[in-house]
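Listed below, chain by chain, are the residues.
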Amino acid sequence: MLQEVERWLDLRSWSTADRPLDRLVAAKARRGLTVSVVLPALDEEETVGDIVAAIRHELMEAAPLVDELVVVDSGSKDRTAQMATAAGARVVHRDAVLPRIPALPGKGEVLWRSLIVTHGDIVCFIDSDLKDFSASFVSGIVGPLLTEPDVHFVKAMYDRPLGEATGQGGRVTELVARPLLNLHWPQLAGFVQPLGGEYAVRRSLLERLPFPVGYGVELGLLVDSLHTVGLDALAQVDVGVRKHRHQDGQALGRMAATIYRTAHLRLSRGPLVRPALTQFERSEDGIGFVPRTHAVDTEERPPMCEIDEYAARRAA
């Protein structure tokens, strides 16, 4: 590991306990900052309500840390929207945001569009499939942005159990993202959870970054933030344990291909030779295998500051 990264780990890695909630509320008021929390959601009726309720009760009603709580629904077929609304979130449908630009499927698309429907100086993203959620996930990663003016991007770090196995989650991180970062962006080798969906960023940075529309968004934002504001403006906070729904192996393969493509684009600024991934499934008769080819996300949205509607809103 680079000496620069070892120094960074000492200076820019914290725990939620390092910043008590009352200290954060005082810092927020003193600096005159506002905080938006965004949950991207697709068929998460089992978990989204509990997450929204915890944030609303602990960080909006009991303590004024969060000013805005928005769930961006990307086409749920279940009761995600109803559960989120009942728990106290404002629910916005992805397709209702920037209607002149047809929506593309993918998590990054939802995060990109959320910048139009939120107003906070700090935007905090939280995945909506978390189990046993604690509001300290939010306060932990928002905290450094309230107390450290030179920090612009904060990721959560945590243990990721896989079933009963401790620390075995994050398979795409360990098999794809971490090798890519260590080999090509060694300054980012100190991030414990580079692909984690829980992170908080100053709007002034987010609006300048391109957004990969799919699962490559976390890697893309992290790499582009390094190049935009430098390593010392990035940080991470230990929030404990993250439990969530796990994907099957083939879904992880498609995620891995998307993440590799995102890295490849940033290395060469050119397209993949073939933006597709072929996987194999056992045939229905049990004899042989059937190939299934999936498109790999190749679209990226431009920095939000280049979008006319966003510029008009900022000027208003």
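Presented here is a report on the structure given in the accompanying data block.

Conventions we followed
Residues numbered from 1 in each chain as written. Predicted model: local features only at pLDDT ≥ 70, side-chain atom pairs only at ≥ 80, totals over all residues. Heavy atoms only, no water. Helix = DSSP H or I, 4+ residues; strand = E, 2+ residues; numbered from the N terminus. Rg over C-alpha atoms; globule rule 2.2 N^0.38 Å. Buried < 20%, exposed > 50% of the residue type's maximum accessible area, 1.4 Å probe, protein only. Areas by Shrake-Rupley, 256 points an atom, 1.4 Å probe, with all protein chains shown as cover. Lys, Arg positive; Asp, Glu negative; His and termini not counted. Charge placed at Lys NZ, Arg CZ, Asp CG, Glu CD. Pairing = 2+ DSSP bridges. Axes fitted to C-alpha atoms, helices over the stretch in contact; angles between N-to-C directions. Contact = heavy atoms within 4.5 Å. Phe/Tyr/Trp six-rings, centres within 6.5 Å; stacked < 30°, edge-to-face > 60°. Lys NZ or Arg CZ within 6 Å of the ring centre and 35° of its normal. Parallel < 35°, antiparallel > 145°, perpendicular 65-115°, else oblique. Left-handed = near helix turned anticlockwise from the far one by under 90°. Nonpolar A, V, L, I, M, F, W, Y, C, P; charged D, E, K, R; others polar.

Another point: the overall build of the protein. Assigned secondary structure in the protein consists of eleven helices and 14 strands. By the compact-globule yardstick of 20 Å for 316 residues, the protein fits well, its C-alpha radius of gyration being 19 Å. Taken over the C-alpha atoms alone, the protein extends approximately 65 × 50 × 45 Å along its principal axes. Residue burial in the protein is summarised as follows: out of 316 residues, 53% are buried. Total accessible area on the protein is roughly 14,000 Å²; 52% of this is exposed by carbon and sulfur atoms. Charge centroids of the protein, computed over 36 positive and 43 negative side chains, lie 3 Å from each other.

Pairing is mixed in the open sheet, where eight strands are placed in the order E1-E10-E7-E8-E5-E2-E3-E4. Of all the strands in the sheet, just strand E1 (13-15) and strand E4 (90-93) have a single pairing partner and so form its edges. Across the sheet, the mean angle separating the axes of adjacent strands is 25° when strand polarity is ignored. Two elements, strand E2 (residues 35-41) and strand E3 (residues 68-73), share six bridges in a ladder whose sense is parallel.

Let us look at unusual backbone geometry. One non-glycine residue, Asp-43, lies in the positive phi region at around 55°. Structurally, Asp-43 is set in the loop between E2 and helix H3 (48-61). A residue is classified by how much of its surface remains accessible, and Asp-43, at 34% relative accessible area, is partly exposed. The phi dihedral of Leu-98 is positive, around 50°, even though this residue is not glycine. Relative to the assigned elements, Leu-98 resides in the loop between E4 and helix H5 (107-117).

The next subject is the environment of Ala-256. Take Ala-256: it is sitting in helix H10 (residues 249-268). A C-alpha to C-alpha distance of 24 Å links Ala-256 and Asp-73, two positions 183 residues apart in sequence. Every residue in contact with Ala-256, bar those within four places of it in the chain, is listed here: Val-172 and Val-176.

Attention now goes to the packing of aromatic side chains. In this structure the tally under the stated criterion is five aromatic pairs. Taking the centre distance of 4.8 Å and the plane angle of 45° together, the rings of Trp-8 and Phe-191 count as tilted. You can see Trp-8 sitting in helix H1 (residues 3-12) and its partner Phe-191 sitting in the loop between helix H7 (171-184) and strand E8 (199-202), a full 183 residues away along the chain. We classify Trp-8 as buried; its relative accessible area is 0%. Phe-191 sits in the buried class, given a relative accessible area of 1%. Judged by centre distance (5.7 Å) and plane angle (10°), the ring pair of Phe-153 and Tyr-199 falls under stacked. Of this pair, Phe-153 sits in strand E7 (residues 153-159) while Tyr-199 sits in strand E8; the two residues are 46 residues apart in sequence, bridging distant segments of the chain. Its relative accessible area of 0% is what places Tyr-199 among the buried residues. The ring of Trp-14 has Arg-19 sitting right over it, with the charged end atom 4.1 Å from the ring centre. The ring of Tyr-199 carries the charged tip of Lys-155 above its face, separated from the ring centre by 4.6 Å.

Orientation of helix H9 (residues 217-229) relative to H10, taken along the N-to-C sense of each, is 25°, at an axis distance of 9 Å. Here H9 lies roughly parallel to H10, going by the angle between them. As for the relative orientation of H9 and H10, their crossing is right-handed in sense. On H10, the residues that touch Leu-219, Gly-220, Val-223 and Asp-224 of H9 are Ile-259, Thr-262, Ala-263 and Arg-266. When the residues that make up the contact of H9 with H10 are grouped by side-chain class, the tally is four nonpolar, two polar and two charged.

Where H3 contacts helix H4 (residues 80-87), the axes come no closer than 8 Å and their chain directions differ by 20°. Taken together, H3 and H4 sit at an angle that is classed as roughly parallel. Judged by the twist between their axes, the crossing of H3 over H4 is right-handed. Of the residues in H4, those in contact with Val-48, Gly-49, Val-52, Ala-53 and Arg-56 of H3 are Thr-80, Met-83, Ala-84 and Ala-87. Broken down by class, the residue content of the contact of H3 with H4 amounts to six nonpolar, two polar and one charged.

Our focus in this paragraph is the environment of Arg-160. Here Arg-160 is to be found in the loop between E7 and H7. For the pair Arg-160 and Ala-89, spaced 71 residues apart in sequence, the C-alpha to C-alpha distance is 27 Å.

Another aspect to go through is the pairing of strand E10 (residues 234-241). Looking down a regular strand, the side chains alternate between one sheet face and the other. Here E1 runs beside E10; their pairing, made up of three bridges, is parallel. For Ser-13, the partnering residue across the bridge sits in E10 and is Gln-236. Direction of pairing for E7 relative to E10: parallel, over a ladder of six bridges. Across the sheet, Ala-156 pairs through a bridge with Val-237, a residue of E10.

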